[in-house]
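Understanding the architecture of this molecule
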Amino acid sequence: LYGYDANTSLEIVTRLTYIAAGHVSTWYSYDPPFGGCNGGSGYMKYLIADDDDGNLSNGTPHMKAIYEAFNDFEIACASPSVMDSGCVTTPSIAPVVIAYPGFGSVRLTWNGINGASSYAIFRTEGPKGCHAGKIKLTETTATFYNDKGLQAGREYFYIVIPKGPSSSCFGPSSQCTAAVPIELPEVKVLCPTEKIVLNLRDKTPQASIVCSFEAIGDFEGTVNLACASKTANADCNADQTLLSFSPENLQENATFVAQTTINAFEGKGEVIIRLSYGSVVKTQTIPMEVVELGEQRVAQYDAGYMAPRCNPGRSCSSGDLLKGRGSQMGPEQNFPNTIQQSCQDGALGQIENDESIEKIVVRSGDVAEPAGGYLREGEVATIEATVFAFGTGANDFADFYYTDDASNPNWIWIQTIQPPRGGLVTLKASYILPSHRRLNEINHAVRVNYRYKGNRSPCSGSSYDEADDLVFPVLRKTGTTTTTSSPPTQIGYNKQTAAFDVTLGAPSCTTIGTTCDTGALLDGRGRTGSNGREPNFPNTLDGCKDGSRGKYHKHGSIDRIVVKSENGSGFAVGDQITIEATVFTRKRDSYYADFYYSPDITAANWIFIGEVYASGSNGAKVLSMNSNLFLPGQLQAIRVNLRQGDATGKSPCSGGNRDDVDDIVFAVQN
C-alpha cells in the first residue's frame, strides 16, 4: 500500500502493537460489520498509536492500512472517516550503513538524510538475519553509534531507519548490515594487488606501493613495518618503519619502494609487505615483474618496400597510412601498400560503406594478453586488423598471412576471420614469430587480405577486395638484430631414428640428436598402409584419429616426418629446426599440411607454425617448414595435420574422412 521495504513495515507494526495492545480493553464490541467503535477497542487504540497530531478526525499516517486489517475481521469502525494524513516531510531516502567490528563492539556510521529528525537503530542476530524480530537499541540525532558489550566472534545484524517530524513517521530502512566483533584488538593492512612492473628501459626503474593500515577493536600502540623482495633482481624498502595508533588516530598510510638492482635482468617474483607488533606478524604478497618494455612504434611509408615499415619495438602500427582503399576510396595514401606493389586493390565501392582495411597493428603477446617485450623470434605476436565491414559483415572475410623475409616474401596463412558485425571492426589473430631464414634479413611482414566472398588467398584481387602489408623488424633471441658468426658445433650428437613409444602413443627419439626420423613408422594412414594399415595408428599423443576413407597411396597420407637441427648440433632450446614431412597426395584432392609445435608432451598445447599446400603434384613429395625450439621442455613434439580441402580456422585435429594426423617426439637439451 505504501511501498515500504520489509524492515520498515515490520518496525511500524511492531511499534503500533507495542504502544496500542496494552491499552486495549476489548478487541471488538457491538455487532458486525463495525465491531471496533468502542473507545477501548483494538482498532481505536491502534489509530491513537499511529496518530501524529492528536486529532483522529483528520486521519493518521497509516489509517487506510489499519482500517483494512481490522475491517477484514469486521472489527473496524466507520467513524472517524478513513484517510491517510501527516508525515509530509518524512525522509524518502534510505541511509547507507557501514559497520566497523571492534573488540567486543561494533561501530556504525551512516550518511545524513534530508528531513530526518532522528535515526532509530535496530539489532538482531541468528540465522534469519534482519528478517527476524529486532530490538531497538536507541534513537539518536547523530550519524554514528557504538554498540558495546557484544560477544566476540558472533554475527550481529543492524538496520537504521530515519524518522520524520513525529515518532509515527518512518522513512525507508537502510540495508541489512552484518558485523562480527573481533576477539582481540588488531591492525589490518590493505595493499594493492595489481602486479608491479619495473621497466629496465626507465632511467630509474622503480615503483611506489602505498598500503593502508587500520587499528581495529580499540588497538593502541606501535607497529613495525618492513618490505622484502622475492625477485632476484629487485629490492624493496619502507619509507617508514614505525606506525603509531590511538583512539584519535585509527588509520595510517605507508609507502614502500620497489626498485631494480645493479645489472638487473628480466624476471618474475614478488614483494612481501610485513607488519608486526608483539607476537603478531602479518604479511601481504604483491606479484612483481622486471621487464624490458619496447617502444610502441608507428610506421612510416618505406619507398624501398613500397609499404609501411616500423623500427624495433613492442608494437608496430600503420597509423593512418592505410585508411581507405586504393585510388577511389579515400584515396588510400601510397596505395596499394603491398610489398613491391605485389597485390592491387579493388576499384569499386564507397568509403565507409564497402570493404576496406583501415589499420594494422602487430604487437607482442597473444590475443588475450598484450606483452611488453620487443617483437622477438620465437615469441607470440598478435595482428590486429581494423576493417570496415559491408552490411552485416556476413559476406566479408579477412585472411591473415605472415612472412619471415620481407625482401622475398613467402606468405604463410595464419587464420581467416569473419567480421561479427558491420561497420568498423577490429579482428585479431596470433602466431609465433619464426626464426630468420637469412642472417642479413631482420624484417618480417604481415599481410591482411580483406575480401568480399571468394576464396582464401594472399591476393584475391576482386573489385571490392584489399590487401595491405606491414613491415617490422624482429629481434633475434640474443637481443641483436644481425649475426655473422658461424653456428656453434657440438660434439657427440648423432642422427636418431624414432621408435614407437607405447606410453606416449607416438614415435619418439629419447636421446638428444641432430635429427629425429620416424622412418617407416608412419607409412600410410589409419587402416590404409603398405601392409594394410599404418603401424601403431593413429600415432598421436592425444589420440587424435585418422580418417577411415580411401586407399593406400590413392588418397592422402603422411608417410614420414623428419626433424632436423639447422646448426647440425644436438637439439637445444632456442635452436632453429627444419621439419620435413613426406606425404602422398594427388592434385585433384586439394590437401593442405598444417605444422604444429608443443614443448610439453604430457599436456600437449599445440602451437600453430604454418601451412603448406600439399597437392601441387601427384604422388609422394617432401613438405618443409622452419621453426625454432623457443620454449623449455625435455621431450618436445611436432605434429603434422594433413587435411583435405580448405579451412577457415586452424585445428590440430581436423578429423576429416581422408585426413591424417601424426606426431613425432624428440629429446631437447635445456
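So, here is what we can say about the structure in this document. (Residues numbered from 1 in each chain as written. Predicted model: local features only at pLDDT ≥ 70, side-chain atom pairs only at ≥ 80, totals over all residues. Heavy atoms only, no water.)

**Some thoughts on the environment of Val471**
The topology assignment puts Val471 in strand S27 (residues 466-473). In this structure the C-alpha to C-alpha distance between Val471 and Val281, which are 190 residues apart in sequence, comes to 55 Å. (Helix = DSSP H or I, 4+ residues; strand = E, 2+ residues; numbered from the N terminus.)

**Quick notes on the pairing of strand S22 (residues 380-389)**
Counting buried positions along S22 gives nine out of 10 residues, so the element sits mostly inside the fold. Bridging between strand S21 (residues 356-364) and S22 involves eight bridges; their strand directions are antiparallel. Pairing of Ile357 across the sheet is with Val387, part of S22. For S22 and strand S25 (residues 423-432), the ladder comprises 10 bridges, and the chain directions are antiparallel. When the sheet's bridge partners are listed, Thr386 is paired in S25 with Thr426. (Buried < 20%, exposed > 50% of the residue type's maximum accessible area, 1.4 Å probe, protein only. Pairing = 2+ DSSP bridges.)

**Points about the pattern of salt bridges**
Counting across every chain of the model gives 21 salt bridges. Linking Glu580 and Lys564 is a salt bridge whose minimum nitrogen-to-oxygen distance equals 3.2 Å. One end of the pair, Glu580, is in strand S33 (residues 576-585); the other, Lys564, is in strand S32 (residues 557-565), with 16 residues separating them in the sequence. Judged by relative accessible area, Lys564 falls into the partly exposed class, the value being 32%. (Salt bridge = Lys/Arg side-chain N within 4 Å of Asp/Glu carboxyl O.)

**Focus on the nonpolar core**
Core analysis: the largest hydrophobic core is formed by 60 residues, its most contacted members being Phe400 and Phe595. Discounting residues that sit within four places of it in the chain, Phe595 has contacts with Ile579, Ala581, Ile607, Phe608, Ile609, Gly610, Val612, Leu623, Met625, Arg639 and Val640. With 28 residues, the next largest nonpolar core counts Val189, Cys211, Ala215 and Ala254 among its residues. (Core = buried A, V, L, I, M, F, W, Y, C linked by side-chain atoms within 4.5 Å. Contact = heavy atoms within 4.5 Å.)

**Remarks on the packing of helix H1 (residues 6-20) against helix H2 (residues 42-50)**
Between H1 and H2, whose axes approach to 9 Å, the crossing angle comes to 115°. The element H1 and its partner H2 pack so that their crossing is right-handed. Contact residues: H1 offers Arg15, Leu16, Thr17, Ile19 and Ala20, while H2 offers Lys45, Tyr46, Ala49 and Asp50. Here the contact of H1 with H2 is composed, by residue class, of five nonpolar, one polar and three charged. (Axes fitted to C-alpha atoms, helices over the stretch in contact; angles between N-to-C directions. Left-handed = near helix turned anticlockwise from the far one by under 90°. Nonpolar A, V, L, I, M, F, W, Y, C, P; charged D, E, K, R; others polar.)

**Notes on the sheet that holds strand S5 (residues 144-147)**
Across the sheet, which stays open at both edges, the three strands sit in the order S1-S2-S5 with antiparallel pairing between neighbours. Bordering the open sheet on either side are strand S1 (97-102) and S5, each of which pairs with just one other strand. Between one strand and the next, the sheet's axes are offset by a mean angle of 15°, whatever the strand orientation. Examined bridge by bridge, S1 and strand S2 (residues 105-110) share six bridges and lie antiparallel to one another. Paired with Pro101 across the two strands is Val106, which belongs to S2.

**Re the packing of aromatic side chains**
Going through the model one piece at a time under the given rule, you end up with 14 aromatic pairs. Each ring, one from Phe390 and one from Tyr452, has its centre 6.4 Å from the other, and the planes form 85°; the classification is edge-to-face. Taken as a pair, Phe390 in the loop between S22 and strand S23 (396-403) and Tyr452 in strand S26 (residues 443-452) lie far apart in primary sequence, 62 residues in all. On the basis of relative accessibility, which here comes to 33%, the residue Phe390 falls in the partly exposed class. Through a chain of ring-to-ring contacts, three or more aromatic side chains come together here, namely Trp27, Tyr43, Tyr46, Tyr67 and Phe70. The side chain of Lys163 reaches across the aromatic face of Phe170, ending 4.3 Å from its centre. Above the face of the Trp413 ring, Arg456 is positioned so that its terminal group lies 3.9 Å from the ring centre. (Phe/Tyr/Trp six-rings, centres within 6.5 Å; stacked < 30°, edge-to-face > 60°. Lys NZ or Arg CZ within 6 Å of the ring centre and 35° of its normal.)

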